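Letter by letter, the chains look like this.
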Amino acid sequence: MTKVNLETFVNKKSISSKRKFENKYPAYTKIIIDLLKEAKTKQNEPGAYRYNYLTLAEYCNLHLGFNMVSKEGLRKIIARIAEENNLTL
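Throughout this document, residue positions are counted from 1 along each chain, in the order its sequence is written. Only residues with pLDDT of at least 70 get local features here, since the model is predicted, and only at 80 or more are side-chain atom pairs given and counted; chain-wide, interface and lining totals rely on the full set of residues. Side-chain figures throughout are based on the complete set of non-hydrogen atoms in the structure, without hydrogens or water.

(A) Broad picture of the environment of A39. Comment: elements are numbered from the N terminus, with helices defined as DSSP H or I runs of at least four residues and strands as E runs of at least two. Here A39 is to be found in helix α3 (residues 26-41). Residues A39 and T88, 49 residues apart in the sequence, show an inter-C-alpha distance of 9.7 Å. Only heavy atoms enter the contact rule, under which two residues are in contact if any of them lie within 4.5 Å. Excluding anything up to four places from it in sequence, A39 contacts Y51 and L89.

What follows is the structure, encoded as structure tokens:
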């Protein structure tokens, strides 16, 4: 058994698990960013409240075939990607 610094282990684990989707599916991450940009441009229009993370997750799940994670998990991933790219809705 090798001795590993606990702080190094915790930091590595938190970084790697947090962005697992982005690392595994970079093409899907780009699609999500494009959808967020489109939703962001429609924020000043009437009915903008319909463009939210859950709606984007349902769209990705039903129409784009993002079946690798649950809808709620995808909503959280979309929110995280939006926050990282200054595209919060």
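(B) Quick peek at the nonpolar core. Grouped together as the largest cluster of nonpolar side chains are 17 residues, with contacts concentrated most on I32, L36, Y53, C60, L74, I78 and I81. Breaking this core down by element, the ones donating at least two residues are α3, α4 (53-63) and α5 (71-84). A per-element tally of this core places α5 first, with six residues. Once residues within four sequence positions are removed from consideration, I78 is found in contact with I32, L36, Y53, L56 and A57. Residues belong to one nonpolar core when they are buried, are Ala, Val, Leu, Ile, Met, Phe, Trp, Tyr or Cys, and are joined through side-chain atoms within 4.5 Å. Accessible area is worked out with a 1.4 Å probe on protein chains only. A residue is then buried under 20% of its type maximum, exposed over 50%, and partly exposed in between.

(C) Representation of the packing of aromatic side chains. Between the rings of Phe, Tyr and Trp (Trp by its six-membered ring), a pair exists once the centres lie within 6.5 Å; its type follows the angle of the planes, with under 30 degrees stacked, over 60 edge-to-face, and the other angles tilted. Taken as a whole and judged by the stated rule, the model has three aromatic pairs. Ring geometry for F21 and Y25: centres 5.2 Å apart, planes at 50°, overall tilted. For the pair Y28 and F66, a centre-to-centre distance of 4.4 Å together with 35° between the ring planes defines the contact as tilted. Of the two residues, Y28 sits in helix α3 while F66 sits in the loop between α4 and α5, which places them 38 residues apart along the sequence. Judged by its relative accessible area of 1%, F66 falls in the buried class. Counting every residue linked through ring pairs, the aromatic cluster contains F21, Y25, Y28 and F66.

(D) Layout of α5. With 14 residues, α5 extends 20 Å between its outermost C-alpha atoms, agreeing within 8% with the 20 Å of an ideal straight helix rising 1.5 Å per residue. Every buried residue of α5 is listed here: L74, I77, I78, A79, I81 and A82. On its buried side, α5 packs onto α2 (20-24), α3 and α4. By this rule, a helix spans an expected 1.5 Å times one less than how many residues it contains.

Everything listed here is a matter of geometry and, on its own, says nothing about what the molecule does.
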